[in-house]
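Below, each chain spelled out in residue letters.
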Amino acid sequence: MSETASGPGRLQAGAIARLWRLLASRRLATLWRLSRWAGPLVHRVSRREREVTEINLAEVYPDCSDPERRDLARLSLTHSTATMLELGFAWMAEPGRVETAILEVRGRELLDEARAEGRGVIVLAPHFGNWEVLNFWLSSHLPFTAMYEPPKIAALDPVIRQGRERMGARLVPTNPRGVAALLKALKRSEAIGILPDQEPDWGSGVFAPFFGRLAYTATLLPKLVARTEARVVTGVARRLPGRGFAIHFLPADERVYATDEARSAAGVNACVEAAIALDPAQYQWEYKRYRKVIQEQQGHPDHPSFRLY
């Protein structure tokens with residue numbers, strides 16, 4: 001029996017959707033206060049999130065002291081908690097409230113210049129700040145297409161789809177049909193969104209440095225650029241705690257336009273690093289970005305010993 005048809009799946013989805021609707025009615029200041037209470041609790045009781053966050057921070061900021069990294073880990077999990085609490089706001093709050101909460105937009109000229117030249121725009125949107133607010137802004141102001149993978153709780157799919165599509169975004173599947181839709185959107189001089197920091201399946205990426213350590217990185221971007229001559233920018237919605245958000249569009253590292261996939265992937269990771277530099281605590285460090293290791297790809301018999309987690 002599918003989870004959609006099962007009673008527990010529907011009940012769980014219904015409870016989550018009701019919670020999102022309740023939180024959508026709350027002020028951002030209230031949601032931030034809840035996050036400041038819940039984030040340290042997550043750090044204390046959620047071993048997996050705490051350990052992965054601290055391992056990643058030790059890898060990328062080796063010069064920080066242990067107390068500095070622990071403080072950054074707690075603050076990072078507070079921001080991750082805020083993102084979860086703000087989902088209802090981004091998806092269900094009255095659109096005028098969400099638009100008003102976007103207090104500034106920096107770098108919009110990068111999008112406007114590309115479209116004026118008749119070029120599509122590829123927005124690299126890392127897991128920083130509140131990426132659902134970024135999706136709201138993009139789909140409110142531009143023809144916008146993004147890949148979408150249905151949630152594990154299948155009954156939540158229509159709720160999430162409605163939230164992400166309500167301002168006009170077009171969601172396409174994470175398969176060749178979806179890639180074809182992205183290409184068509186770029187050829188129409190539209191904008192598309194790509195997650196640059198999600199680890200792809202074997203065969204869909206290359207190893208490239210990310211904060212000095214090799215990370216398996218998707219190679220979709222150079223394929224799209226080669227076939228469309230699109231402009232690439234990095235986009236994030238930086239949280240202004242308790243007040244709203246600042247949208248930032250940053251010029252891409254020039255290596256993203258390289259035909260060599262490894263060089264392009266290095267450029268993509270540099271773009272993510274530049275976004276993180278805006279406020280390292282707002283990046284989702286609890287994701288296992290270094291899960292795959294090059295020794296496994298090379299068939300090294302002792303490759304598990306090279307893993308961080």
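Above this text you will find the structure in question.
Residues numbered from 1 in each chain as written. Predicted model: local features only at pLDDT ≥ 70, side-chain atom pairs only at ≥ 80, totals over all residues. Heavy atoms only, no water.

What about the packing of aromatic side chains?
- All told, the structure shown has 11 aromatic pairs when counted by the stated rule.
- A centroid spacing of 5.9 Å and a plane angle of 65 degrees characterise the contact between Tyr61 and Phe211, whose relative ring orientation is edge-to-face. On the criterion of sequence distance, the pair formed by Tyr61 in the loop between α3 (47-60) and α4 (66-85) and Phe211 in the loop between β6 (205-210) and β7 (213-218) is long-range, its members being 150 residues apart.
- Seen from their ring centres, Phe210 and Phe211 are 4.9 Å apart, and the 70 degrees between their planes marks the pair as edge-to-face.
- Taking relative accessible area as the criterion, Phe210 reaches 1% and is therefore assigned buried. (Phe/Tyr/Trp six-rings, centres within 6.5 Å; stacked < 30°, edge-to-face > 60°. Helix = DSSP H or I, 4+ residues; strand = E, 2+ residues; numbered from the N terminus. Buried < 20%, exposed > 50% of the residue type's maximum accessible area, 1.4 Å probe, protein only.)

A short note on the environment of Leu156
- Tracing the backbone shows Leu156 in the loop between β3 (144-148) and α9 (157-165).
- Taking the C-alpha atoms as reference points, Leu156 and Ala13, 143 residues apart in sequence, are found 5.3 Å from one another.

Observations regarding the sheet that holds strand β4 (residues 170-173)
- Here seven strands make up an open sheet; going across it, the order is β1-β9-β8-β2-β5-β3-β4 and the pairing mixed. The open sheet has two edge strands, β1 (102-106) and β4, and neither has a second partner. Between one strand and the next, the sheet's axes are offset by a mean angle of 25 degrees, whatever the strand orientation.
- Pairing analysis gives four bridges linking strand β2 (residues 121-124) to strand β8 (residues 231-240), with the strands arranged parallel. (Pairing = 2+ DSSP bridges. Axes fitted to C-alpha atoms, helices over the stretch in contact; angles between N-to-C directions.)

Some points on α9
- Among the residues of α9, Asp157, Val159, Ile160 and Gly163 are the ones counted as buried. Considered in projection along α9, the buried side chains sweep an arc of 165 degrees and stay on one side of the axis. Along α9, exposed side chains directed more than 90 degrees from the buried face belong to Pro158 and Gln162. (Arc of directions from axis to C-beta.)

Observations regarding the packing of helix α2 (residues 28-45) against α4
- One can describe the packing of α2 onto α4 by two numbers: an axis separation of 7 Å at closest approach and a directional angle of 130 degrees. Judged by the inter-axis angle, α2 sits oblique to α4. Seen from above, α2 lies across α4 with right-handed handedness. Contact residues: α2 offers Leu31, Trp32, Leu34, Ser35, Arg36, Ala38, Gly39, Pro40, Val42 and His43, while α4 offers Arg70, Ala73, Arg74, Leu77, Thr78, His79, Thr81, Ala82 and Leu85.
- Counted by class, the contact of α2 with α4 contains 10 nonpolar, six polar and three charged residues. (Parallel < 35°, antiparallel > 145°, perpendicular 65-115°, else oblique. Left-handed = near helix turned anticlockwise from the far one by under 90°. Contact = heavy atoms within 4.5 Å. Nonpolar A, V, L, I, M, F, W, Y, C, P; charged D, E, K, R; others polar.)

Some points on helix α11 (residues 220-228)
- Regarding α11, the residues found buried are Leu221, Pro222, Leu224, Val225 and Thr228. Projected onto a plane normal to the axis of α11, the buried residues spread over an arc of 160 degrees and lie on a single side. Relative to its buried face, α11 has exposed residues pointing more than 90 degrees away, namely Ala226 and Arg227.
- In the core, the buried residues of α11 are packed alongside β2, α10 (176-187), β5 (191-194), β8 and α12 (261-276).
- Looking at the residues trailing α11, positive phi occurs at Glu229, about 55 degrees.

Digging into the side chain of His43
- Relative to the assigned elements, His43 resides in helix α2.
- Within the local environment of His43, its side chain forms a polar contact with the side chain of Glu54, the two groups lying 3.1 Å apart.
- When near neighbours in sequence (up to four residues on either side) are disregarded, His43 contacts Arg50, Glu54, Arg70, Ala73, Arg74 and Leu77. (Polar contact = N/O pair within 3.5 Å; in protein donor to acceptor, adjacent residues only side chain to side chain.)

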